Amino acid sequence: MSNENAVPAPASRPMRVAVVGATGFQGGAVARLLVARGHRVRTLSRRPAGDRPPLPGADFASGGLADEGAVGRLFEGVTHAVVTMPLLYDTERVRRYASNIARAARAAGVRRMVFNANTRLPQEPTEVPAFETRRMTETVLRGSGVPLVVLRPPVYLDNLFSPWNGPSLVDEGILAYPLPASAPVAWLSHEDLAEAVHAALVREGAEGGVFDIGGAATLTGADLAEVFTRGLGRPVRYVPLRPELFERALARLLGPDAAAGVTGLYRHLAAGSDPLLLAGDDGMAAEALGITPAKAGTWVATQPWRVWSNDPEDLPG
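About the thresholds
- Residues numbered from 1 in each chain as written.
- Predicted model: local features only at pLDDT ≥ 70, side-chain atom pairs only at ≥ 80, totals over all residues.
- Heavy atoms only, no water.
- Helix = DSSP H or I, 4+ residues; strand = E, 2+ residues; numbered from the N terminus.
- Rg over C-alpha atoms; globule rule 2.2 N^0.38 Å.
- Buried < 20%, exposed > 50% of the residue type's maximum accessible area, 1.4 Å probe, protein only.
- Phe/Tyr/Trp six-rings, centres within 6.5 Å; stacked < 30°, edge-to-face > 60°.
- Contact = heavy atoms within 4.5 Å.
- Expected span 1.5 Å × (residues − 1).
- Polar contact = N/O pair within 3.5 Å; in protein donor to acceptor, adjacent residues only side chain to side chain.
- Patch = residues over 30% accessible without salt bridge, like charges linked within 9 Å, V, L, I, M, F, W, Y side chains within 5 Å.
- Areas by Shrake-Rupley, 256 points an atom, 1.4 Å probe, with all protein chains shown as cover.
- Salt bridge = Lys/Arg side-chain N within 4 Å of Asp/Glu carboxyl O.
- Pairing = 2+ DSSP bridges.
- Right-handed = clockwise from strand over helix to strand, strands pointing away.

Let us now look at the overall build of the chain. If you tally the helices and strands in the chain, you get 11 helices and nine strands. Scaling as 2.2 N^0.38, a compact globule of 317 residues should have a C-alpha radius of gyration of about 20 Å, and the chain matches this with 19 Å. For the chain, the C-alpha atoms occupy an extent of roughly 55 × 40 × 40 Å along the three principal directions. When burial is assessed residue by residue, the chain has 53% of its 317 residues classed as buried.

Laid out in structure tokens, this is it:
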């Protein structure tokens, strides 16, 4: 994390923000928060108007990131940008997407761009596309000359509120995830990611910073299970899931290529070569950005877990 001495910005004027990736979970959380704070949001989608995710208050430009003209139209008239890349790990395609974004942002005179890298990055290069395509994207965006802020989150709590986690969590008390039980993780929610992005857009002195953001606490598997035990009112135990089983389940949802790319990250972590990669930074990034991430227990308490249960009346409201 850099720019530790960043100071608060005055109340920000409404921004016109291009949000790349707003049709996904992470970018969608960002777009909704920006709209709620009175900013104008525009995003990009290849889907026809009737088949787009609901993003009240946001405008859509038609096209995809491979289309330089479409990306240029997305950036017309915007003052700021937020970039979350799709779950794509082919180096040349990602480079093309990043280059199109960089050129469009520079041509539009964007005042500040925030890149959500989706993940922490090891200090040294690896053979893992999930890391290296994001490292490359950061380099390309920085080369645009547009003032850049980079956020590197750990793992999202929202991953646990999913079809492959929810039912076993609420019905069997099993929290299975493809991380070693001993791995210290600063689990973060999508809502707190959005807060960090907003702060990175407006915080005075944040330009050029790289922030390893994280949740309120660093938790091992047993710690996280205890949080769920309290939140669900029933015993929960953590089970390290083998990466290949995780990949098989994820492929049914995202397809084999995206699943293999995502799982590469977890294979790296399961090998134990970088045990502190997802740990917290003692709150330095949150302090520098002026945000206060919620505790994991607060997040658990606010999710509608009953939707995954075969016995919903047996869960707290």
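There is more to say, and it comes next.
With that settled, consider the packing of aromatic side chains. Enumeration over the complete set of coordinates arrives at eight aromatic pairs. Arranged with centres 5.5 Å apart and planes meeting at 75°, the rings of Phe-228 and Trp-305 form a pair that is edge-to-face. Taken together, the positions of Phe-228 in helix α7 (residues 221-232) and Trp-305 in the segment after α11 (296-301) put the pair 77 residues apart, joining distant regions of the chain. Look at Trp-305 and you get buried, because its relative accessible area is 5%. Joined through ring pairs, the aromatic side chains of Phe-161, Phe-228, Trp-299, Trp-305 and Trp-308 make up one cluster.

By the element assignment, Met-136 lies in helix α4 (residues 129-142). Considering only alpha carbons, one finds Met-136 and Thr-91, 45 residues apart in sequence, at a separation of 8.4 Å. With residues up to four places along the chain from it excluded, the contact list for Met-136 reads Thr-91, Val-94 and Arg-95.

Right, let's get into helix α9 (residues 256-270). Between its terminal C-alpha atoms α9 stretches 20 Å, which fits the 21 Å expected from 15 residues at 1.5 Å a residue. For α9, every residue scored as buried is listed here: Ala-258, Ala-259, Gly-261, Val-262, Thr-263, Gly-264, Leu-265, Tyr-266, His-268 and Leu-269. In the core, the buried residues of α9 are packed alongside α4, β7 (174-177) and α8 (243-254). Looking one or two places after α9, you find Gly-272, whose phi comes out positive at around 80°.

Our next topic: the side chain of Asn-165. Structurally, Asn-165 can be placed in the loop between β6 (148-151) and α5 (166-172). The class for Asn-165 is buried, based on a relative accessible area of 0%. At 2.7 Å, the side chain of Asn-165 forms a polar contact with the backbone oxygen of Ala-176. Non-local contacts of Asn-165, meaning those with residues more than four positions away in its chain, are made with Asn-159, Leu-160, Leu-175, Ala-176 and Tyr-177.

Right, let's talk about the side chain of Thr-119 for a bit. Inspection of the secondary structure assignment puts Thr-119 in the loop between β5 (112-116) and α4. Residue Thr-119 is classed as buried on the basis of its relative accessible area, which comes to 2%. Setting aside anything within four residues of it in sequence, one finds Thr-119 in contact with Ala-130, Phe-131, Arg-152, Pro-153, Pro-154 and Leu-265.

A cluster of nonpolar side chains, Leu-87, Trp-164, Leu-253 and Leu-254, forms an exposed patch at the surface whose accessible area comes to about 350 Å². With respect to the element layout, Leu-254 can be found in helix α8.

Our next topic: unusual backbone geometry. Although it is not a glycine, Asn-118 sits at a positive phi angle of roughly 75°. Assignment of secondary structure puts Asn-118 in the loop between β5 and α4. Positive phi, close to 60°, is recorded for Asp-282, a residue that is not glycine. As for its placement among the helices and strands, Asp-282 is situated in the loop between α9 and α10 (284-289). In this structure Asp-282 comes out as exposed when scored by relative accessible area, which is 82%.

This brings us to the sheet that holds strand β8 (residues 210-211). Reading across the sheet, the seven strands line up as β3-β2-β1-β4-β5-β6-β8 and stay open at both edges, with parallel pairing between neighbours. Edge strands, defined here as strands with exactly one partner in the open sheet, are β3 (58-62) and β8. Sheet topology note: the strand β4 (residues 80-84)/β5 ladder contains five bridges and is parallel. What sits directly across from Val-83, in β5, is Phe-115.

For α7, built from 12 residues, the straight-helix expectation of 16 Å at 1.5 Å per residue is met to within 8% by its first-to-last C-alpha distance of 16 Å. Listed in full, the buried residues belonging to α7 are Gly-221, Leu-224, Ala-225, Val-227, Phe-228, Thr-229 and Leu-232. In this structure, the buried side of α7 is in contact with α5, β7, β9 (237-240) and α11. Downstream of α7 by a residue or two, Gly-233 has a phi angle that is positive, lying close to 70°.

Our focus in this paragraph is the pairing of β5. Of all five residues in β5, five are buried; the element is thus mostly enclosed. Here β5 shows a buried face lined by Arg-112, Val-114 and Asn-116 and a second buried face lined by Met-113 and Phe-115. Crossover β4 to β5 through helix α3 (residues 91-108) is right-handed. Relative to β6, β5 runs parallel, the two sharing four bridges. Paired with Asn-116 across the strands is Leu-151, a residue of β6. Chirality of the crossover, the property in question, places the unit of β5, α4 and β6 among those that are right-handed.

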